[in-house]
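Structural overview for review
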Amino acid sequence: MCDDYYSREEIMKCIEEGGKGTKELSAQLYDADLEQHKKNEAARQQKLVISPQFPVNHNWSTPQLISVHNNQVIGGIQNIQNESLATEFSRGNDYPYKLFPPVVEDAILFLHKKYNLPPEISGNMILSAASIACQPLFEVAVNADDNPETCSLYLMTIVRSGGGKSLAFEKIMKPFLDKYSTSNAIYNEEVEKYTARKDLWSETTKEINKEYRKLKRSDPKRKELEDERIQHQKEEPLPPKHLFNVYADITPAGLKDGLSVSVHAAILTDEGDVFLDGYAKNSVGIYNLLWDGAELPHKRSNSKHIAITAPLTISISVQNPIFEDYLEKNKRKATGSGYLPRFLFVYNERNDEGISENSDVADDGSMASLLEALSLLVNRQNEKYNDLYENNSVDDNDSNMNLKRELILFPPNQTGNDFLRKKINEFNQKTRPGGEWEHIHSSVLKAREQIIRLSGILHCLFLASKNEIANTKSSIDISSIESVSKIIEWYLDEAARLLRKNQKSKPTPEDDALRTLETMLEKYQIFNNFFPRKYLLQNGANQRLRNAATLDTALDILKAKRLIEEKIIPHPSNNRKGHYYYLTDSVYAIWQFCGGHIPCVINKCREIILHGRSSM
């Protein structure tokens, strides 16, 4: 009997030579394997990691690299204890929340702890509110000679039913929109004044026309009265502009009419099927022009031609099947026209834990701080809007009346321009044939503008959070721009993942291997990096991977590239061999390099599978 041996090596050697073991011995070996695996994982996770933290100064994201020991890793992400973070996410997440200003980071963390709201969903909603708060006030440019970019963003959040899109709208957007009540009151007063002026103008028009009809053609006064009629028509009062209008779905003509009487506007909906199934799919040209900040020509009902310059934010939350159906029917037009490439996407396929309120989490004031910062920006809009009418500086016939926007600049001496050029070149390398972004080339072409816009928005939001919004004349710090470029890189990875998964081409064995690897990364915490083959077979990412032969081929590819290793352990009850798999140190190193961003990890592993090495 092999029970007389004590070391594992001796026991295994005995069995290999023909010795017999009891059920108790098999259980002992089974437990020993599990215990050894746990020790290996603990050793793997006790490595030194580097994580960014934000100091409190005028440059919201000057990164300080702080070396910390990984006392608690959840899904491979470092749990750092600092002033703004009491506890880490309850599950691994790759959204780059630490690259945002503290006022945004704290709000994201609170909403996750309190409601288990995925951080990428709350992050997208916060960016939507910040875009609305900044777009009528500021423009941003790399240098003073460049054409400035508007501070407007198009965002789309794709999430399954019950994933938190309505909760994010309720907790972030609804209280923010309530801040526009002051401008609504001003607008109502101006409407009353406009009505009185229009009535007076109409009465004068009737009198002039009546007098004109009395005169004979030969009367010399008739020519004078004709000139007076023409001048009077030019002086027709125009309706006052609303500071801000919100739409859920609107026709192209209705949008133009609305923007012609708005300082700025937004299309906001947490039921994006209304928008996608409505008029949007036939109006991509209008939305492209508005995102570009170009003048949108429009002819009023009174035959006057005007140029619309009002900035527009779009924020749509939509369920996965609705978007996938929209993309299938309209992909060529939506992507080929440059419409979808202007969006920043969040693609949340699942939230296994669901949305639920944690009564043990007390209000830490982070949401109040965020809303206060946004309120300061809205108050600035209200003040400028009120001044236009209080000081009688509004020309009734000025259809292009807008708030004067302040210009925010990148660092001087070409520093910002040089960084952008280098970063965009890096992005373009990934769009070459065979590259990880080959299929989102149009989105990468917009990356420069996205970085510039988001840098300006977050710079202003950070200053507002410190009640220093008057300091916008100071240039954006280069380290803040670096952080924003990493945020935009995350969004490009998300777009690549979204559009790749909606491609109709037949998946290859390499694709199956990467989908299996993605499942293991997503479930890392649950299985502590020790995955039974039975689980992978029953819970494959798609129907193909629930086929034993397909799964085994995928696992063989991952093993051949040393991305996973296999462990065979006899089960204690029947001595049948159980197959278990775990991620290797190579994947863990890539995870650290990517900061826990799963699409980035998959892209690096794709390079290893296809080319034998990764560009790290």
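Everything numeric in this text was worked out from a predicted model, so none of it was measured.

**A look at the overall build of the chain**
- The secondary structure content of the chain amounts to 22 helices and 17 strands.
- A total of 616 residues make up the chain; the buried ones form 51% of that total.
- A fraction of 71% describes how many contacts in the chain between residues 6 or more apart in sequence connect residues 24 or more apart.
- If you sum the accessible surface of the chain, you get close to 28,800 Å²; carbon and sulfur atoms cover 48% of it.

**Focus: empty space enclosed by the protein**
- Scanning the model with the defined rule gives five cavities of 30 Å³ or more in all.
- Its volume calculated, the second largest cavity comes out at about 60 Å³.
- What lines the second largest cavity is Pro-341, Phe-343, Leu-344, Phe-345, Ser-443, Lys-446, Ala-447, Gln-450, Tyr-491, Leu-492 and Ala-495.
- Among the elements of the structure, strand S13 (343-348), helix H15 (447-465) and helix H16 (478-501) are those that each provide at least two residues to the lining of the second largest cavity.
- Taken together, the residues that form the lining of the second largest cavity break down as eight nonpolar, two polar and one charged.

**A look at the pairing of strand S7 (residues 154-159)**
- By the criterion of burial, S7 is predominantly enclosed, with six of the six residues buried.
- Across the two faces of S7 the burial is the same, with Tyr-154, Met-156 and Ile-158 and Leu-155, Thr-157 and Val-159 all buried.

**Details of the confidence of the model for the chain**
- Taken as a whole, the chain shows an average pLDDT of 78; of its residues, 78% reach a score of 70 or greater.
- For the stretch residues 1-11, pLDDT sits under 50, and the model shows 21 contacts to residues farther than four places along the chain or on other chains.
- Counted against residues more than four places away or in other chains, residues 47-58, with its pLDDT under 50, gives 45 contacts.

**Considerations on the state of the cysteines**
- Applying the stated criterion across every chain yields a total of one disulfide.
- At a sulfur-sulfur separation of 2.1 Å, the disulfide partner of Cys-594 is Cys-600. Because the torsion about its S-S bond is -60°, the bridge between Cys-594 and Cys-600 counts as left-handed. Grouping residues by exposure puts Cys-594 and Cys-600 together as buried.
- Sulfur of Cys-151: no disulfide; nearest cysteine sulfur belongs to Cys-134 and is 5.7 Å away.
- Residue Cys-151 is classed as buried on the basis of its relative accessible area, which comes to 0%.

**Let's talk about the sheet that holds strand S6 (residues 149-150)**
- One open sheet accounts for three strands, arranged S6-S5-S14; its pairing is mixed. If you trace the sheet from one side to the other, it starts and ends with S6 and strand S14 (406-409), each paired once.
- Across two bridges, the pairing between strand S5 (residues 138-141) and S6 is antiparallel. Considered in S6, the bridge of Val-140 is made with Glu-149.

**Comments concerning the packing of aromatic side chains**
- One pass over the structure, following the stated rule, counts 16 aromatic pairs.
- Centroid distance Phe-427 to Trp-437: 5.3 Å. Interplanar angle 70°. Geometry classified as edge-to-face. Here the residue Phe-427 occupies a position in helix H13 (residues 415-429), and Trp-437 occupies one in the loop between H13 and helix H14 (441-445), the gap between them amounting to ten residues. Each member of the pair, Phe-427 as well as Trp-437, carries the same accessibility label: buried.
- A centroid spacing of 5.0 Å and a plane angle of 5° characterise the contact between Phe-530 and Tyr-580, whose relative ring orientation is stacked. Taken as a pair, Phe-530 in the loop between helix H18 (524-527) and strand S15 (531-532) and Tyr-580 in strand S17 (residues 577-583) lie far apart in primary sequence, 50 residues in all. Each member of the pair, Phe-530 as well as Tyr-580, carries the same accessibility label: buried.
- Over the aromatic face of Tyr-212 sits the side chain of Arg-229, whose NZ or CZ is 4.4 Å from the ring centroid.

**Structural notes on the packing of helix H8 (residues 252-260) against helix H10 (residues 284-292)**
- It is at 10 Å that the axes of H8 and H10 come closest, and there the two elements cross at 25°. With respect to their mutual orientation, H8 and H10 come out roughly parallel. Note that H8 runs across H10; the crossing there is left-handed. Here Pro-252, Leu-255, Lys-256 and Leu-259 of H8 come into contact with H10, specifically with Ile-286, Tyr-287 and Leu-290.
- Looking at the contact of H8 with H10 residue by residue, the class counts come to six nonpolar, no polar and one charged.

**Side note on the sheet that holds S15**
- The antiparallel open sheet is built from three strands, whose spatial order is S15-S17-S16. In this open sheet, the two edge strands, each paired with only one partner strand, are S15 and strand S16 (564-570).
- The sheet contact formed by S16 and S17 spans seven bridges and is antiparallel. The residue bridging Ile-569 from the neighbouring strand is Gly-578, located in S17.

**Looking at helix H17 (residues 509-522)**
- Between its terminal C-alpha atoms H17 stretches 20 Å, which fits the 20 Å expected from 14 residues at 1.5 Å a residue.
- For H17, every residue scored as buried is listed here: Asp-512, Ala-513, Leu-514, Thr-516, Leu-517, Glu-518, Thr-519, Met-520 and Leu-521.

**A word on the pattern of salt bridges**
- Evaluation of the coordinates by the stated rule reveals 22 salt bridges.
- Between Lys-223 and Asp-227 there is a salt bridge whose closest N-O contact spans 3.2 Å. With Lys-223 and Asp-227 both in helix H7 (residues 221-234) and four residues apart, this pair spans about one turn of that helix.
- Connected through shared salt-bridge partners, Glu-494, Arg-497, Arg-515 and Glu-518 make up one network.

**Re the nonpolar core**
- Grouped together as the largest cluster of nonpolar side chains are 122 residues, with contacts concentrated most on Met-156, Phe-176 and Phe-323.
- Setting aside residues up to four positions removed in sequence, Met-156 forms contacts with Asn-124, Leu-276, Ile-316, Val-318, Phe-323, Leu-340, Phe-343, Leu-344, Phe-345 and Val-346.
- Core analysis: the second largest hydrophobic core is formed by 30 residues, Val-587, Val-601, Ile-602 and Ile-608 among them.

**A few points about the environment of Phe-343**
- Its location among the elements puts Phe-343 in strand S13.
- Spatially, the C-alpha atoms of Phe-343 and Ala-495 are 8.9 Å apart, while their sequence positions differ by 152 residues.
- Not counting the four nearest positions on each side in its chain, Phe-343 is found in contact with Tyr-154, Leu-155, Met-156, Ile-314, Ile-316 and Gln-450.

**A look at the packing of helix H21 (residues 585-593) against helix H22 (residues 598-611)**
- Where H21 meets H22, the axes come as close as 9 Å, and the angle between the chain directions of the two elements is 130°. Taken together, the axes of H21 and H22 are oblique relative to one another. H21 and H22 meet at a crossing whose hand is right-handed. Judged by residue contacts, Val-587, Ile-590, Trp-591 and Phe-593 of H21 engage Ile-598, Val-601, Lys-604, Cys-605 and Ile-608 from H22.

Thresholds applied
- Throughout this document, residue positions are counted from 1 along each chain, in the order its sequence is written.
- Local features in this predicted model are restricted to residues of pLDDT 70 or higher, and side-chain atom pairs are both shown and tallied only at a pLDDT of 80 or more, whereas totals for entire chains, interfaces and linings draw on every residue.
- Think of the side-chain values as coming from all heavy atoms in the structure, minus any hydrogens and water.
- Strands here mean DSSP runs of E at least two residues long; helices mean DSSP runs of H or I at least four residues long; both are numbered from the N terminus.
- For every residue, the accessible area obtained with a 1.4 Å probe (protein chains only) is divided by the maximum for its type, and the residue is called buried under 20%, exposed over 50%, and partly exposed between those limits.
- Two residues qualify as a contact provided that any one of their heavy atoms is within 4.5 Å of a heavy atom in the partner residue.
- Per-residue and other accessible areas follow the Shrake-Rupley method at a 1.4 Å probe size, with only the shown protein chains counted as cover for residues.
- A pocket here means an open set of points on a 1 Å grid, computed over the protein atoms alone, that has protein on both sides within 12 Å along at least five of seven lines. A cavity is instead a set of points where a 1.4 Å probe fits but cannot get out; residues with an atom within 4 Å of a point line either one.
- Grid points are joined across faces, edges and corners, and a volume is the space filled by probe spheres set on the points.
- Classification used: nonpolar for Ala, Val, Leu, Ile, Met, Phe, Trp, Tyr, Cys and Pro, charged for Asp, Glu, Lys and Arg, polar for all others including Gly.
- Per residue, pLDDT measures the predictor's confidence, with a range of 0 to 100.
- Pairs of cysteine sulfur atoms within 2.5 Å are identified as disulfides in what follows.
- Two strands are counted as paired when DSSP detects at least two bridges linking them.
- Put simply, two rings from Phe, Tyr or Trp (the six-membered ring, in Trp's case) pair if the centres are within 6.5 Å, and we call them stacked under 30 degrees between planes, edge-to-face over 60, tilted for the rest.
- As a reminder, the over-ring test applies to NZ of lysine and CZ of arginine, requiring each to be within 6 Å of the ring centre and within 35 degrees of the ring normal.
- Lines fitted to C-alpha atoms define the axes here, with helix axes fitted over just the stretch in contact, and angles between the N-to-C directions of these axes take values from 0 to 180 degrees.
- For this classification, under 35 degrees means roughly parallel, over 145 means roughly antiparallel, 65 to 115 means roughly perpendicular, and everything else is oblique.
- Two helices cross in a left-handed way if the nearer one is turned anticlockwise from the farther one by less than a right angle. They cross in a right-handed way if the turn is clockwise.
- An expected span of 1.5 Å times one less than the residue number is assigned to each helix.
- One side-chain nitrogen of Lys or Arg within 4 Å of one carboxyl oxygen of Asp or Glu is enough to make a salt bridge.
- We call a set of buried residues a nonpolar core when its members are Ala, Val, Leu, Ile, Met, Phe, Trp, Tyr or Cys and they connect through side-chain atoms within 4.5 Å of each other.

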